[in-house]
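Results of the structural survey
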Amino acid sequence: MNQPVIAITKADFASPGDGQTAFVDHLVLAATHHRVSHEALKTLICLTALAAGSDRVVSLTVRAADIDELEVQKLVKQVAHDTVVLL
């Protein structure tokens, strides 16, 4: 089955000074409290690396359903067709 995908070239933290703390907070919330799917959690990990300025993650192609799931749980917000903010 073909699933819609989104190309993400930019991700930012809602509170830019958070860095490592935001990374851990988002992953813990997603994995425990919100119980997002495994695929959505992997997407969140990659988005966090992109937002943190990783040299290894410069853009992503992710399933639209994963971004939707993370948005419903208020972990991210897609602010443009290629940009996500980690809340």
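Note that residues are indexed from 1 along each chain, following the sequence as it is written. Since the coordinates come from a predicted model, pLDDT governs what is reported: local features require at least 70, and pairs of side-chain atoms require 80 or more to be given and counted, while whole-chain, interface and lining totals use all residues. To obtain the side-chain values, all non-hydrogen atoms of the structure were included, while hydrogens and water were left out.

Time to look at the overall build of the protein chain. The secondary structure content of the protein chain amounts to three helices and five strands. In the protein chain, the order of α-helices and β-strands from amino to carboxyl end is β-β-α-α-β-α-β-β. Each radius of gyration reported is based on C-alpha atoms, and the globular scaling rule is 2.2 Å times the count of residues to the power 0.38. Its C-alpha atoms give the protein chain a radius of gyration of 12 Å, within 12% of the compact-globule value 12 Å for 87 residues. Each principal axis of the C-alpha distribution contributes one length, and for the protein chain these read about 40 × 30 × 20 Å. The buried label applies to any residue whose accessible area, calculated with a 1.4 Å probe on protein chains only, is under 20% of its type's maximum; exposed applies above 50%, and partly exposed to all values in between. Residue burial in the protein chain is summarised as follows: out of 87 residues, 34% are buried. Residue contacts follow a heavy-atom distance rule, with two residues in contact if any of their heavy atoms lie within 4.5 Å. Sequence-distant contacts, at least 24 apart, represent 65% of the contacts inside the protein chain between residues at least 6 apart. Each helix corresponds to a stretch of at least 4 residues labelled H or I by DSSP, and each strand to a stretch of at least 2 residues labelled E; elements are numbered beginning at the N terminus.

Glancing now at the confidence of the model for the protein chain. pLDDT is defined as a per-residue confidence score from the predictor, taking values between 0 and 100. Per-chain confidence: the protein chain averages 88 in pLDDT, with 97% of residues scoring 70 or above. Confidence scores differ between elements of the protein chain, with helix α1 (residues 20-33) showing the lowest mean pLDDT of 79 and strand β1 (residues 5-8) the highest of 96.

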